[in-house]
Amino acid sequence: MCGRYATSRSSDDLAAEFEVDDIFDGLPGPDYNVAPTVAVPAVFERTSKDTGETRRRLAPLVWGLVPSWSKSATGGAKLINARVESVAEKPSFRRAFAARRCLLPADGYYEWYLPEAARAASGRPLPGLGKTKKQPFFIRRTDGGVLAMAGLYEIWRDPAKDRDDETAWLRTCTVITTEATDAVGHIHDRMPMVIGEESFDAWLDPKQDDPAAALELLSVTDPAQLEAYPVSTEVNRVQNNGPSLLLPLADDEDDGDDQAPLI
DNA sequence: CCAGACGTTGTT
DNA sequence: GTCTGG
DNA sequence: CCAGACGTTGTT
DNA sequence: GTCTGG
C-alpha cells in the first residue's frame, strides 16, 4: 500500500516535469515524511466554465479523501488509498475516478514489514527490533525519476461556511494502489499505481470522463521498476523529517560494506 | 418507504 | 449523492 | 502508515 | 482493542 511517502522536489522542478500551466499558492515545502492529513503537491486539470479552456495545475491537496457527500471532514483520513480493482465502482471513489484524476509526485514511499520477514526479504541481518516492531523500507524508482502516483481528488464544502469563503472548501486526495510487482512484492503485496510520462495527458484530461477508458489506460500501464532498501525507524515518528530519512540503513555486520544492499 | 453505509490495510 | 438492507 | 490517547460532571 | 491525529 502507500501510507507514508517522500516528496522533496521544488515546485519549479515539478512544474517543468509535469508541464504545468499554473502554480498555485499554499504548496508545501520539501517533505520526507508525508503522512495522511497533510497537504501534498498535486497535478490536475480543470476546465474553465467561462472559456472552456483546460489548464494544468500544480496545487496542494490534503491527503485523505473526503467524499463530497460526507457530513464532516473528519474521518476522511481513512481514505488514503483506493484499490484499482474496485475504484470505478466504489461509491466513495467512482465519481472522482470518472472526472477528478490527479498525479501525486513522490521521491518514493515507505513500507513497514515485520522483522522476520524483513530479514528474509533483504537477505541480510537487520538491527534487532524485537519480534513485533516493524522495519521500515524506502521504495523508489530504479532510475531515480519522479514517481508519478495515480490519485483522485474531491472537493468538499463545509456546510457551516459561506460558499465564497475560500476556507469552506477542502480539497483532498487518495492514492490508487495495485498489486505489487515481483521486485517489491516480497516487501508488500500492494503498491501505488504509477503513471508513465506517456500517459500523463490522457490520465489528467477531465474531458475524458469515461471510467472504462481510464481503467483501460491503467491496465496497459507498464509497472514501474522499483527498488527497496531498509531505512531507520526515525521515519516512524511523523515529527521527524529531512533527507536523512532516505539514507540506507547501515549493515548490522561489520563486513566493510556499509552501504545497504538494494533488494 | 426510511436508515445506514459509503474505505484500506494488516494478519500472531 | 446513491445504493443496499430492512 | 505509526504514535498516542483512551474521562466525567454540571446543564436554560 | 480501537480510534484520532499527524
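Residues numbered from 1 in each chain as written. Chains lettered and ligands numbered in written order. Predicted model: local features only at pLDDT ≥ 70, side-chain atom pairs only at ≥ 80, totals over all residues. Heavy atoms only, no water.

## Quick notes on the protein's contact with DNA strand B
- Surveying the vicinity of DNA strand B reveals 18 residues, the closest of which are Lys-78, Arg-83, Lys-90, Pro-91 and His-188.
- Counting only the atoms of DNA strand B that lie within 4 Å of the protein, the sugar and phosphate share comes to 74%.
- A distance of 2.6 Å is found between a phosphate oxygen of DNA strand B and a side-chain nitrogen or oxygen belonging to Arg-83.
- Arg-190 is positioned such that a nitrogen or oxygen atom in its side chain is 3.3 Å from a phosphate oxygen of DNA strand B.
- Broken down by element, the residue count for the surface near DNA strand B peaks at 3 residues, all from strand β6 (residues 81-83).
- When grouped by side-chain class, the residues that make up the surface near DNA strand B number 7 nonpolar, 5 polar and 6 charged. (Near = heavy atom within 4 Å. Polar contact = N/O pair within 3.5 Å; in protein donor to acceptor, adjacent residues only side chain to side chain. Helix = DSSP H or I, 4+ residues; strand = E, 2+ residues; numbered from the N terminus. Nonpolar A, V, L, I, M, F, W, Y, C, P; charged D, E, K, R; others polar.)

## Thoughts on the pairing of strand β10 (residues 147-157)
- Taken across its 11 residues, β10 has 9 buried, putting it largely inside the fold.
- Bridge count between strand β7 (residues 101-106) and β10: 6 bridges; the pairing is antiparallel. Paired with Leu-103 across the two strands is Ala-150, which belongs to β10.
- In the sheet, β10 pairs with strand β11 (residues 169-179) via 7 bridges, with the strands oriented antiparallel. Considered in β11, the bridge of Gly-151 is made with Val-175. (Buried < 20%, exposed > 50% of the residue type's maximum accessible area, 1.4 Å probe, protein only. Pairing = 2+ DSSP bridges.)

## As for the packing of aromatic side chains
- Tallied over the full model, the rule gives 7 aromatic pairs.
- Between Tyr-5 and Trp-63, the ring centres sit 5.2 Å apart and the planes meet at 70°, which makes this aromatic pair edge-to-face. Of this pair, Tyr-5 sits in strand β1 (residues 5-7) while Trp-63 sits in strand β5 (residues 54-63), and the two are 58 residues apart along the sequence. Here the two residues Tyr-5 and Trp-63 agree in accessibility, since each one is buried.
- With 6.1 Å between their ring centres and 65° between their planes, Phe-97 and Trp-203 make a pair best called edge-to-face. Residue Phe-97 is found in helix α2 (residues 94-99), and its partner Trp-203 is found in helix α5 (residues 200-204); the two are separated by 106 residues along the sequence.
- Linked through ring pairs, Tyr-110, Trp-112, Phe-138 and Tyr-229 together constitute an aromatic cluster. (Phe/Tyr/Trp six-rings, centres within 6.5 Å; stacked < 30°, edge-to-face > 60°.)

## Regarding a negative patch on the surface
- Taken together, the side chains of Asp-12, Asp-13, Glu-17, Glu-19, Glu-197, Glu-198 and Asp-222 present a region of like negative charge at the surface.
- On the secondary structure map, Asp-12 appears in helix α1 (residues 11-17).
- Assessed through its relative accessible area of 59%, Asp-12 is described here as exposed. (Patch = residues over 30% accessible without salt bridge, like charges linked within 9 Å, V, L, I, M, F, W, Y side chains within 5 Å. Areas by Shrake-Rupley, 256 points an atom, 1.4 Å probe, with all protein chains shown as cover. Salt bridge = Lys/Arg side-chain N within 4 Å of Asp/Glu carboxyl O. Lys, Arg positive; Asp, Glu negative; His and termini not counted. Charge placed at Lys NZ, Arg CZ, Asp CG, Glu CD.)

## Remarks on the environment of Trp-169
- Here Trp-169 is to be found in strand β11.
- Since its relative accessible area comes to 25%, Trp-169 is described here as partly exposed.
- Taking the C-alpha atoms as reference, Trp-169 lies 26 Å from Arg-83; in sequence the two are 86 residues apart.
- When sequence neighbours within four positions are dropped, the list of residues in contact with Trp-169 reads Ile-155, Trp-156, Arg-157 and Arg-163. (Contact = heavy atoms within 4.5 Å.)

None of the figures reported here should be taken as evidence of function without further support.
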